[in-house]
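Secondary and tertiary structure notes
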Amino acid sequence: MMTIVDRGNGTSVGDRSYDAVMARNGAIMRAALGVDYAGYESGSIAFDYDRLMGDVGYTVDDVREAQRRVGVGNTPLLELRRLTALARQCAEDGLGARIFVKDEQTNPSGSYKDRRASMSIVQARELGFRGVAAATSGNYGAAVASQAAMAGLKCVIAQECYDSARIGQPEILEKMRKCEALGAEVMQLSVGPELFYSYLLMLEETGYFNASLYSAYGIAGVEPLGVEIVEQCHSLLGKAPEHVIATNAGGGNLTGTARGLRIAGAHHTLVHGASVDLHGLSMASDHDFNRKSFTTGHTGFGMPYATDPDHSDVPRSAARPLRYMDDYLLVKQGEVFAMTELLAHLEGMERGPAGNTSLAAAFALARTRPRDEVIVVQETEYTGAGKHPLAQLSFARDMGIEVRLGDPDDEIPGRSIVLPDHPSRISARYADLERMRTSYIRNAVDHVGGAQAVGGGTGIASAVDVDYLVAETRTDERFVRRTLTNLGVGFSGNGAVIRT
Amino acid sequence: MPARPGDWVQIHRVVLAPHERTGKLPEDTRAVPFESWSKGFLVGRAADETVGGPVDVGVAGVSVGDLVEVETVVGRRLRGRLVALNPGYDHGFGTTYVPELLHVARQAQAVLAEAHRDRDRHDLAGGR
């Protein structure tokens, strides 16, 4: 006998069609973020980044205390003596800087993302939300789920996991498992930017907090990482490190760490970004999706987010890597897998490959730096099923990627993974930072609507705009003015208005 | 094996058909649907995709392919086609070993061992 129950309590969501929901993006996000970004705008290119970060209202010590309570932070700093020795064997006399690593996998959910998530949950609680959500295929999902569990909040994680053949990337399947193990609901989507539409619908329906990767609270959560590095180096070595390498994708990792280093007074420490080089692959391509072995920490995010930070899910991202990056190192997939294996065999530490992108860059950099210099690799991540070189390389072979030993420079993303046939092949390659900075300025102008829209429609960039762009790109007035001029923007100053 | 109300299941939905996909997309992505998968406790068979409409909770069981409603762990109600009952996790450490990795490690050990030997030889010869 069949029983039919008329539920009657539909969702409060209105028109669920794609266009209608995307048109409600602003309203949904304002409700889900609890922050009005409009107040930070200048009306032109610039916005008040310092005030955005200042409004978090927590000092670094406040953040450290909040994190201590949830078991986040205070991770070990370990010297990798045998990797250093190996680098010295692959370097000229007198070269071979000392390599240290912050073992971030000791955080509750196994990565430094716990630092960001802890502050996201602090913010959610302050604002009175009863649930949190995040759109991420990475470790951040597990971190948010973990912190939500501790706070008794509900959690939904949206991840891009499957291609059109319903093949799941092993790394992302493990994230799903981890999030579910921590009590979260996981929405799994196929490839495409329309994930944002599904995510918005869920936010609207649940009324949960959007624990964005780009929030000021999240970035503030990373600052203690930089502070710890300085404190630990002072204690161990009597000085701050000469170099810190931070894996770069969305930019939050590098931004937070660099800000922490400055807070701790380490103004001479060079901050290097590091990404896996996936040039040639399209991040929105169904075909390419499962033909890469890294799902984050790569140029597919690193390039667009550095050159256009404000295209994320918040109006103004607190993650602004070009502001803090001294240079940007690119490594090959094969190099990172090799370093993961070396970390295990030479240092007795088995860690997830995605967390070793900076380690590969550090090894390459160490070969070029004096022996008395210190390089700190700013993270590790946990390892397990799916998050493992064997899982990824075996999967790559299944997907038709050639996996072989050879010269990493021969690696073609999507076609081959080349493990270095000698450690001396692991090399420092630098992205073209000047080109990225130029790109950034062009995108910043596009953001306000083009050259003629700058300065509230006058086509003139103010001194505030220029100062902002100088800070955002770590360049100088001359560079900014020249770039703006080339874009058809005029600027005030010296009484002369220049237009092309 | 039929799934019954209360069972832990996985459902699938086509969120956007290929012709409904939007914006700047590579051709290969535009040609396929945008899909979602979710897990939850089976509520019952559903007559249509609209959550809030009637659900059939008394039936003997539903099968893979049937349109159903589930309740997720946070209490959301979702509808889609049943694809799995008690879905497990089958990601692991790969289907085969990759010996190239071991080669990298052993080579590095050899480089370090060679360096050690050189150092010992140097010391024995009285160098500093």
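Throughout this document, residue positions are counted from 1 along each chain, in the order its sequence is written. Naming scheme: in the order in which they are written, chains are lettered from A and ligands are numbered from 1. Local features in a predicted model are, by the rule used here, given only for residues with pLDDT of at least 70; side-chain atom pairs are given and counted only at 80 or more, and totals for whole chains, interfaces and linings are based on all residues. Neither water nor hydrogens contribute to the side-chain values; these are computed over all heavy atoms in the structure.

1. Comments concerning the overall build of chain A
Threshold: By the criteria applied, helices consist of DSSP H or I runs no shorter than four residues and strands consist of E runs no shorter than two, each listed in order from the N terminus. A radius of gyration in this sense is built from C-alpha atoms; the matching globule rule multiplies 2.2 Å by the number of residues raised to 0.38. Think of it in three bands: residues with accessible area under 20% of the maximum for their type are buried, residues over 50% are exposed, and the middle band is partly exposed, with areas taken using a 1.4 Å probe on protein chains only.
Helices and strands together make up the secondary structure of chain A, namely 20 helices and 16 strands. Taken over the C-alpha trace, chain A has a radius of gyration of 23 Å; the compact-globule value for 500 residues is 23 Å, and the two agree within 12%. In terms of overall dimensions, chain A has a C-alpha envelope of 85 × 70 × 45 Å along the principal axes. By the burial criterion, 63% of the 500 residues in chain A qualify as buried.

2. Focus on the overall build of chain B
The following threshold applies: Throughout, a residue-residue contact means that at least one pair of heavy atoms, one from each residue, lies within 4.5 Å.
Across its full length, chain B carries two helices and five strands. In chain B, the succession of helices and strands from N to C terminus is β-α-β-β-β-β-α. For chain B, the C-alpha radius of gyration of 28 Å lies well beyond 14 Å, the compact-globule estimate for 128 residues. Considering only C-alpha atoms, chain B reaches an extent of 90 × 40 × 25 Å along its principal axes. Of the contacts made within chain B by residues no fewer than 6 positions apart, 56% connect residues no fewer than 24 positions apart.

3. Observations regarding the interface of chain A and chain B
Many analyses report the size of an interface as the accessible area lost when the parts associate. Applicable threshold: Accessible area that two parts lose when put together, with a 1.4 Å probe and added across both, is what the buried area reports. The salt bridge definition used is simple: a Lys or Arg side-chain nitrogen within 4 Å of an Asp or Glu carboxyl oxygen. Each polar contact in these results corresponds to two N or O atoms within 3.5 Å; when the atoms are within protein, one needs to be able to donate a hydrogen and the other to accept it, and residues that are neighboring in sequence are counted only if both atoms are side-chain atoms.
Taken together, the contacts link 75 residues of chain A with 54 residues of chain B. When the two sides are added together, the surface that chain A and chain B hide from each other amounts to roughly 5400 Å², 61% of it contributed by carbon and sulfur. Counting across the interface, chain A meets chain B through five salt bridges. Arg21(B) is the salt-bridge partner of Glu194(A), the closest N and O atoms lying 2.7 Å from each other. Scanning the region where chain A abuts chain B turns up 24 residue pairs in polar contact (both at pLDDT 80 or more). If you tally residues by element for the side of chain A that touches chain B, the top one is helix H16 (residues 389-398) of chain A, at seven residues.

4. Remarks on the packing of helix H19 (residues 463-473) of chain A against helix H20 (residues 477-486) of chain A
Residues and elements named next belong to chain A. Threshold: Interaxial angle, 0 to 180 degrees, is taken between N-to-C directions of lines fitted to C-alpha atoms, where a helix line uses only the stretch in contact. Every angle not falling under 35 degrees, over 145, or within 65 to 115 is termed oblique; those three ranges are roughly parallel, roughly antiparallel and roughly perpendicular. Handedness of a crossing follows from how the near helix is turned relative to the far one, being left-handed for an anticlockwise turn of less than a right angle and right-handed for a clockwise one. Polar here means any residue outside two lists: the nonpolar Ala, Val, Leu, Ile, Met, Phe, Trp, Tyr, Cys and Pro, and the charged Asp, Glu, Lys and Arg; Gly therefore counts as polar.
One can describe the packing of H19 onto H20 by two numbers: an axis separation of 9 Å at closest approach and a directional angle of 110°. Judged by the angle between their axes, H19 and H20 are roughly perpendicular. Like other packed secondary-structure pairs, H19 and H20 cross with a definite hand, here right-handed. Packed against H19, whose contacting residues are Val466, Leu469, Val470 and Thr473, the element H20 presents Glu477, Val480 and Leu484 at the interface. Taken together, the residues of the contact of H19 with H20 sort by class into five nonpolar, one polar and one charged.

5. Remarks on the pairing of strand S13 (residues 416-420) of chain A
The side chains of a regular strand alternate between the sheet's two faces. Residues and elements named next belong to chain A. Threshold: We call two strands paired when DSSP finds no fewer than two bridges between them.
Within S13, five of the five residues are buried, leaving the element largely enclosed by the surrounding structure. Neither face of S13 is left uncovered, since the one carrying Ser416, Val418 and Pro420 and the one carrying Ile417 and Leu419 both have all their residues buried. Two elements, strand S12 (residues 402-406) and S13, share five bridges in a ladder whose sense is parallel. The partner of Gly406 across the bridge, within S13, is Pro420.

6. A word on the sheet that holds strand S9 (residues 270-276) of chain A
All names here are of chain A. Judged by pairing direction, the sheet is mixed, and its seven strands sit side by side in the order S2-S3-S11-S8-S9-S10-S14 without closing on themselves. The sheet is open, and its two edges are formed by strand S2 (77-79) and strand S14 (429-430), each paired on a single side. Pairing geometry for S2 and strand S3 (residues 98-102), over three bridges, is antiparallel. Across the sheet, residue Glu79 finds its bridge partner in S3, namely Phe100. Most of the contacts of helix H15 (residues 357-366) go to strand S8 (residues 243-247), to which it runs at about 145°, and overall it touches S3, S8, S9, strand S10 (327-331), strand S11 (374-377) and S14.

7. Side note on helix H10 (residues 216-237) of chain A
Residue and element names in this part refer to chain A. How we decide: Working rule for helices: expected span equals 1.5 Å times residues minus one.
Between its terminal C-alpha atoms H10 stretches 32 Å, which fits the 32 Å expected from 22 residues at 1.5 Å a residue. Of all 22 residues making up H10, 16 are buried, and the element is well covered by its neighbours. Immediately beyond the C-terminal end of H10, within one or two residues, lies Gly238, with a positive phi of roughly 75°.

8. Structural notes on the environment of Asp48(B)
Residues and elements named next belong to chain B. The residue Asp48 is located in the loop between strand S2 (34-46) and strand S3 (54-56) in this model. For the pair Asp48 and Asp123, spaced 75 residues apart in sequence, the C-alpha to C-alpha distance is 82 Å. Apart from the residues within four sequence positions on either side, Asp48 is in contact with Leu67 and Arg79. Within the structure, the side chain of Asp48 is placed 2.9 Å from the backbone nitrogen of Thr50, a separation counted as a polar contact.

9. Some remarks on the side chain of Thr84(A)
Take Thr84(A): it is sitting in helix H5 (residues 81-89). Ignoring sequence-local partners within four residues, the contact set of Thr84(A) consists of Gly96(A), Ala97(A), Arg98(A) and Ile99(A).

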